[in-house]
Amino acid sequence: MNKNVKAGFQYGGALALLLSATFFLAWFRALDTEPVVSLDGKEFRTPIGEKANIKGKTTVVYFWATWCGVCNTNLPLVKWYASTLKDQNHFAFISVEEGENSSALKDYLEKQAVDFPVIVGNPMLLRDWGIRGYPSFYILDGQGRVRFAESGIMSPLGMFLRLIWARIFWS
């Protein structure tokens with residue numbers, strides 16, 4: 001076998017193994033996450049003052065904080081996720097900010113041109129969802145059950161594989 005082909009199979013296999021491991025760790029972490037507080041219908045900040053509508057949709061719930069350096073680094077990618085899912089009938093994207101002072105949050109959202117839905121969090125909501133660090137991503141099925149839970153920056157490939165998996169197998 002050609003040396004380059006063999007190396008390609010080795011690297012491809014290692015990448016597939018890594019993706020599989022992170023995928024199943026996120027699924028396993030979600031097994032013990034059963035929040036009591038639903039996010040459906042909660043108020044969130046958008047320029048037109050909409051309400052969250054996640055019933056029947058595979059949903060990304062993004063927990064973050066304005067003071068979080070990783071969240072700020074991740075912001076362009078998160079904006080892209082939100083804009084990609086915005087006009088999809090079967091998917092939704094909402095975020096929960098950890099509870100910043102509302103005028104500081106408003107300034108931050110305007111300065112960073114954030115146009116995705118933002119729910120203001122509180123300690124009870126964050127405790128109920130088991131938030132231990134920022135950023136955290138949760139993927140919910142169409143019935144609102146947590147199917148994947150992940151902390152840190154999530155790759156676009158990982159994000160969309162989880163969304164597709166949740167949509168196909170749990171909706």
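Q: An account of the sheet that holds strand β2 (residues 91–97) is needed here, citing residue identities and associated values.
A: The sheet built from five strands is open, its strands ordered β3-β2-β1-β4-β5 with mixed pairing. Lying at the two open borders of the sheet, with one neighbouring strand each, are β3 (118–120) and β5 (146–151). Going across the sheet, the axis of each strand differs from the next one's by a mean of 20 degrees, ignoring polarity. Strand direction decides the pairing type here: strand β1 (residues 58–64) and β2, joined by seven bridges, are parallel. Counted as the bridge partner of V60 is F93 from β2. Against the sheet, helix α2 (residues 69–86) contacts β1, β2 and β4 (136–140), and its axis sits at roughly 150 degrees relative to β2. Taken strand by strand, helix α5 (residues 156–170) contacts β1, β2, β4 and β5, and its axis lies near 170 degrees from that of β5.

Q: How would you sum up the packing of aromatic side chains? Please name residues and give values.
A: Scanning the model with the defined rule gives 16 aromatic pairs in all. Measuring from ring centre to ring centre gives 5.5 Å for F63 and Y138, while their planes differ by 80 degrees; the resulting arrangement is edge-to-face. Of the two residues, F63 sits in strand β1 while Y138 sits in strand β4, which places them 75 residues apart along the sequence. When sorted by exposure, F63 lands in the same class as Y138, which is buried. When the ring of W165 is compared with that of F169, the centres are 4.4 Å apart and the planes differ by 45 degrees; the resulting orientation is tilted. Highlighted residues: W165 and F169, both in helix α5, separated by four residues, approximately one helical turn. Residue classification places W165 among the partly exposed residues on the basis of a relative accessible area of 34%. Among the aromatic residues, ring-to-ring pairing joins Y62, W64, W80, Y81, F93, Y108, F116, F137 and F160 into one connected group.

Q: Report on the nonpolar core, specifying residues and quantitative values.
A: Judged by nonpolar contacts, the single largest core of 29 residues is most densely connected at V60, W64, F93, F116, F137 and M159. If you list the elements that add at least two residues to this core, you get α1 (3–30), β1, α2, β2, α3 (102–111), β4 and α5. Ranked by residue count, the leading element in this core is α2, at six residues. Beyond its immediate chain neighbours, meaning those up to four positions away, F93 contacts V60, Y62, V78, Y81, A82, L85, F116 and P117.

Here is what the cut-offs are and how they apply
- Residues numbered from 1 in each chain as written.
- Predicted model: local features only at pLDDT ≥ 70, side-chain atom pairs only at ≥ 80, totals over all residues.
- Heavy atoms only, no water.
- Pairing = 2+ DSSP bridges.
- Helix = DSSP H or I, 4+ residues; strand = E, 2+ residues; numbered from the N terminus.
- Axes fitted to C-alpha atoms, helices over the stretch in contact; angles between N-to-C directions.
- Contact = heavy atoms within 4.5 Å.
- Phe/Tyr/Trp six-rings, centres within 6.5 Å; stacked < 30°, edge-to-face > 60°.
- Buried < 20%, exposed > 50% of the residue type's maximum accessible area, 1.4 Å probe, protein only.
- Core = buried A, V, L, I, M, F, W, Y, C linked by side-chain atoms within 4.5 Å.

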